[in-house]
Amino acid sequence: MKLTGIADEAGDSLSQQIKAHQQLGWDTIEARFVQIGDFDKGSIHEIPEEAFDLVEKELKDAGMGVNGVYHFGGAPAVSWRQFAEEIFAQAGLSVAVTPIPSADY
């Protein structure tokens with residue numbers, strides 16, 4: 001099982017997103033929205049080809065892989081920590097999930 005987070009919640013720029021994932025010891029990233037170079041922040045699926053090429057290079061240079069893009073939503077609202085805990089519980093795994101407040105970044 002690979003753990004990854006939603007990178008754009010760690011920062012707008014790809015370098016901020018990579019830094020946050022590396023601090024967590026993760027080597028994969030879930031790319032959704034990125035800002036790179038002089039390009040505006042945008043969906044990884046809609047940014048210009050030139051921006052995508054820069055994203056690909058920066059991820060490769062950082063040794064980061066990319067996980068598939070999955071988005072889950074619904075009610076009730078939960079934190080990412082609670083969401084992760086429930087996934088592990090349903091999988092029958094006893095895993096400690098450490099909350100990391102956004103203020104730490």
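Just so it is clear, the structure is predicted and the values come from calculations on it, not from any experiment.

Trainee: Could you clarify how one ought to interpret the environment of Leu54 in this entry?
Mentor: Looking at where Leu54 falls in the secondary structure, it is placed in helix α2 (residues 49-61). Leu54 sits in the partly exposed class, given a relative accessible area of 36%. Taking the C-alpha atoms as reference, Leu54 lies 7.9 Å from Gly37; in sequence the two are 17 residues apart. The contacts of Leu54, once residues within four sequence positions are left out, are Ile36 and Phe39.

Trainee: When you look at the nonpolar core in this model, what are you seeing that I'm missing?
Mentor: Side chains that are nonpolar tend, in soluble globular proteins, to be buried together. Counting residues in hydrophobic clusters, the biggest one holds 13 residues, and the most contacted among them are Leu14, Ile29, Val55 and Leu59. When contributions to this core are tallied by element, the ones reaching two or more residues are α1 (14-23) and α2. At three residues, α2 tops the list of elements feeding residues into this core.

Trainee: I keep staring at a negative patch on the surface and nothing clicks. Help me out?
Mentor: Together, Glu49, Glu50, Asp53 and Glu56 make up a negatively charged patch on the protein surface. Within the secondary structure, Glu49 is located in helix α2.

Trainee: Would you explain the pattern of salt bridges in this entry?
Mentor: Close approach of charged atoms allows side chains with opposite charge to pair. Inspection of every chain in the model, using the stated rule, returns three salt bridges. Put simply, Lys41 and Asp12 hold a salt bridge, and the shortest N to O gap is 2.7 Å. Here Lys41, found in the loop between β2 (33-34) and β3 (42-43), pairs with Asp12, found in the segment before α1; they are 29 residues apart in sequence, far enough to count as distant. Take Lys41: its relative accessible area is 39%, and that puts it in the partly exposed class. You can call Asp12 partly exposed: its relative accessible area is 43%. As a salt-bridge pair, Arg81 and Glu85 come within 2.9 Å of each other at their nearest N and O atoms. In this pair, Arg81 and Glu85 both sit in helix α3 (residues 80-90), four residues apart, roughly one turn of the helix.

Trainee: Just to check I follow, could you spell out the environment of Met64 for this structure?
Mentor: Looking at the element boundaries, Met64 is found in the loop between α2 and β4 (65-66). The class of Met64 is buried, set by a relative accessible area of 8%. For Met64 and Trp26, which are 38 residues apart along the polypeptide, the C-alpha to C-alpha distance reads 8.3 Å. Dropping the residues within four chain positions of it, Met64 is found in contact with Ile18, His21, Gln22, Trp26, Asp27, Thr28, Ile29 and Leu59.

Parameters and conventions
- Per chain, residues are indexed from 1 in the order of the written sequence.
- Side-chain atom pairs in this predicted model are given and counted only at pLDDT of 80 or more, local residue features only at pLDDT of at least 70, and totals for whole chains, interfaces and linings cover all residues.
- Here the side-chain values reflect all heavy atoms present in the structure, with hydrogen atoms and water set aside.
- Strands here are runs of E lasting at least two residues and helices are runs of H or I lasting at least four, both read from the DSSP assignment and numbered beginning at the N terminus.
- Buried residues are those whose accessible area, probed at 1.4 Å on protein chains only, stays under 20% of the maximum for their type, while exposed residues exceed 50% and partly exposed ones sit between those limits.
- Whether two residues are in contact is decided by their heavy atoms, any of which lying within 4.5 Å being enough.
- Remark: nonpolar core denotes a set of buried residues (Ala, Val, Leu, Ile, Met, Phe, Trp, Tyr, Cys) joined through side-chain atoms within 4.5 Å.
- Each patch is built from residues lacking any salt bridge and having more than 30% relative accessible area; the joining distance is 9 Å for like charges and 5 Å for nonpolar side chains (Val, Leu, Ile, Met, Phe, Trp, Tyr).
- Areas reported as accessible are Shrake-Rupley estimates using a 1.4 Å probe. Residue values count occlusion only from the protein chains shown.
- For salt bridges, the criterion is a side-chain nitrogen of Lys or Arg within 4 Å of an Asp or Glu carboxyl oxygen.
- Working convention for charge: Lys and Arg count positive, Asp and Glu count negative, and His plus the chain ends are omitted.
- Where a charge lies is defined by one atom per residue type, namely NZ (Lys), CZ (Arg), CG (Asp) and CD (Glu).

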